[in-house]
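# Analysis of the macromolecular model
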Amino acid sequence: MSKTGFDLVVVSNRLPVDLCVDGAGEVTWTRSPGGLVTALDPVVKNAQAAWVGWSGAPDQTIEPFDAAGTFLAPVELSAAEVAQYYEGFSNDTLWPLYHDVIAPPAYHRAWWDTYRRVNARFAHAAAKQAAEGATVWVHDYQLQLVPALLRQLRPDLRIGFFNHIPFPPFELFQQLPWRRQILDGLLGADVIGFQRRTDAANFRRAVQLLTAINARSERFTIKTDDGERRTVAAKAFPISIDSAAFNELARTPEVQQRAKEIRKELGNPDVVMLGVDRLDYTKGIRHRIKVYGELLHDERISVADCTLVQVASPSRENVEAYQDLREQVEILVGRINGEYGELGHTAIHYLHHSYPQDEMAALYLAADVMLVTSLRDGMNLVAKEYVAARHDLSGALVLSELTGAADELSGAIMVNPHDIDGMKDAFMHAAHMPAAESRRRMRRLRRKVMHNDVSKWAHAFLDMLVVVGDENDAHRNRGESLSPVAEVENIA
Ligand code: G6P
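Residues numbered from 1 in each chain as written. Predicted model: local features only at pLDDT ≥ 70, side-chain atom pairs only at ≥ 80, totals over all residues. Heavy atoms only, no water.

## Observations concerning the overall build of the chain
The line we're drawing: For helices the rule is a DSSP run of H or I covering at least 4 residues; for strands it is a run of E covering at least 2, with both sets numbered from the N terminus onward. Atoms considered for the radius of gyration are the C-alpha atoms alone. The globule rule reads 2.2 Å times the number of residues to the power 0.38. Residues are treated as being in contact if the distance between any of their heavy atoms lies within 4.5 Å. Per-residue and other accessible areas follow the Shrake-Rupley method at a 1.4 Å probe size, with only the shown protein chains counted as cover for residues. His residues and chain termini do not enter the charge count, which takes Lys and Arg as positive and Asp and Glu as negative. Throughout, a charge is located at the NZ atom of Lys, the CZ atom of Arg, the CG atom of Asp or the CD atom of Glu.
Helix and strand counts for the chain come out as 16 helices and 17 strands. The C-alpha atoms of the chain give 23 Å as radius of gyration, which agrees with the globular expectation for 492 residues (23 Å, within 12%). Along the first, second and third principal axes, the C-alpha atoms of the chain reach 75 × 50 × 40 Å. Sequence-distant contacts, at least 24 apart, represent 74% of the contacts inside the chain between residues at least 6 apart. Accessible surface for the chain amounts to roughly 19900 Å². Of this, 49% is attributable to carbon and sulfur atoms. Looking at the chain, you have 53 positive and 65 negative side-chain charges, and the mean spots of the two groups are 6 Å apart.

## Remarks on the environment of Lys-235
For Lys-235, the location among the structural elements is in strand β11 (residues 229-236). For the pair formed by Lys-235 and Gly-188, sequence separation is 47 residues and the distance between their alpha carbons is 15 Å. Residues contacting Lys-235, with those up to four places away along its chain left out, are Ile-192, Gly-193, Phe-194, Ala-200, Glu-218 and Met-464.

## Structural notes on a positive patch on the surface
Cut-off, in case you're wondering: A patch consists of residues exposed above 30% relative accessible area that lack any salt bridge, with like charges linked at up to 9 Å and nonpolar side chains (Val, Leu, Ile, Met, Phe, Trp, Tyr) linked at up to 5 Å. Between Lys or Arg on one side and Asp or Glu on the other, a salt bridge is scored when a side-chain nitrogen of the former is within 4 Å of a carboxyl oxygen of the latter.
A cluster of basic residues, Arg-439, Arg-440, Arg-443, Arg-444, Arg-447 and Lys-448, forms a positive patch on the protein surface. When you line up the elements, Lys-448 lands in helix α15 (residues 435-451).

## Let's talk about the pairing of strand β16 (residues 396-400)
Within a regular strand, side chains alternate between the sheet's two faces. As a reminder of what qualifies: Under the scheme applied here, a residue whose accessible area is under 20% of the maximum for its type counts as buried, over 50% as exposed, and between as partly exposed, the area being computed with a 1.4 Å probe on protein chains only. Note on pairing: DSSP must find at least two bridges between two strands before they are called paired. With the strands aimed away from the viewer, a crossover counts as right-handed if its path from the first strand over the helix to the second runs clockwise.
Judged by how many residues are buried, β16 sits mostly within the fold: five of five residues are covered. Burial of the side chains of β16 extends over both faces: Ala-396, Val-398 and Ser-400 are buried on one face and Leu-397 and Leu-399 on the other. Where strand β15 (residues 369-372) meets β16, four bridges bridge the pair, whose relative direction is parallel. When the sheet's bridge partners are listed, Val-372 is paired in β16 with Leu-399. Between β15 and its parallel partner β16, the chain crosses via helix α13 (residues 381-389), and the hand of that crossover is right-handed. Where β16 meets strand β17 (residues 413-415), three bridges bridge the pair, whose relative direction is parallel. Note on β17: the bridge partner recorded for Ser-400 is Val-415.

## Topic: the side chain of Arg-151
One can find Arg-151 in helix α4 (residues 146-153). If sequence neighbours within four positions are ignored, Arg-151 has contacts with Leu-157, Ile-159, Gly-188, Ala-189, Asp-190 and Arg-230.

## Details of the site of the ligand
Here is the rule: We define proximity as follows: a residue is near a molecule or strand when any one of its heavy atoms falls within 4 Å of that partner. Definition of a polar contact: a pair of N or O atoms within 3.5 Å, with one able to donate and the other able to accept a hydrogen when the atoms are protein atoms, and with sequence-neighbouring residues admitted only if both atoms are side-chain atoms. Each residue receives one of three labels: charged for Asp, Glu, Lys and Arg, nonpolar for Ala, Val, Leu, Ile, Met, Phe, Trp, Tyr, Cys and Pro, and polar for the others, Gly being one of them.
Near the ligand, the surroundings consist of 14 residues, among which Arg-14, Tyr-86, Asp-140, Gln-142 and Arg-316 are the closest. Measuring from an oxygen atom of the ligand, one finds a side-chain N or O atom of Tyr-86 at 2.5 Å. Within the side chain of Gln-142, a nitrogen or oxygen atom sits 3.1 Å from an oxygen atom of the ligand. Isolated, the ligand exposes 370 Å² of accessible area, and the fraction of that covered by the protein chains is 93%. Residue composition of the shell around the ligand, by class: five nonpolar, five polar and four charged.

The following block contains the structure:
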């Protein structure tokens, strides 16, 4: 730790590691689930940074500790706060609202109160770790109030915010009773990053319609409480993975050997199709399984020549919509396996687990076809991992148009996950793709994924934060204020 704090502080709901306490009180740490940690972990590793976040378990007081060069500072949440802030407001209000209301969002005032209180706790924890003039990078929808709260506590800081999930169109965002407070919270940042240009445009339109701020361009000016002017940038920075590291992992003899074993364990079918998701209703898992089932029914494929492996890692298991989804998926898988399975040939290998990265790399290598059929997805890093693993240029990626990844990965076979017939044709195209076409597409995909990696993403964001931070320091030093007639509203 530097003399009086860290020059870079990352703040996210979860720490990169997840605390598991079993029935016997035995404590283990595992890698946290989801794309946020996949992306941020390599950025922060060895950067002499602090990472402020929750351990993933309720009511745990854990002292800060070092992990692989990063100082982890746990924020404690009580069981009631987990229920109201994490499962409630974050994952039963914001998550469905920001993902096209695929599931109905629930609006509860008590959840909102807890969200505010917990966001204030994260802001204090970040303020405590940050050195004078440090950069604090806040992440994702669980912490949208942190930028403004932190600026009140520490006006010296440079504050960035990155939203890993979509930002909804105004017509949906409008439903949120606390929409104005959310905007005010985000506007506390110097730079607000989004996955897609449409997300940034949706945010700026919400600012435009709900405040008196003119947010038509990517950089705009706001007036702070003390009458000073401040520049805010709100634009897209599409996130990625540590592509080179993943490519290397997939080239190791151990992973290659394991990929061969997996194919053998699956009965060496002609075609292995693969889905890898958190068990989440945004991922289009039911749609994908339905398509596979119909292809079996139509006899366009058979279980002997084409098997589906679906990894569905457990997620948010106390939220009802997730419990319902699990039940629906498992009924569907059971029905298809019962109807079409044969001795020695399982139709769908359904795995309700999460796996370490080397096993994931082996699965990607073992799969001829990767199925990413999300109904809405901020980016989808699984698609990028698959591409990074396919160094021999074989394999086909089926990718939903409704993912952020679709903006970049034009070499994929694009699908609308709601169009079941279109998906059936796309799955067949991918399963029987000629080697030359697969090589051509994969080369194009790999050019994008290997070039636009996570370090480029982080640099693009942090460089922008330096530019805007310098500009705002200059405003402050000159004591510049906006004329009282300016069409700019105060933010809290
Ligand atoms: C997505 C979100 C992350 C979240 C992850 C896992 O990637 O953008 O913020 O951490 O899912 O979800 P969980 O609720 O388990 O943290």
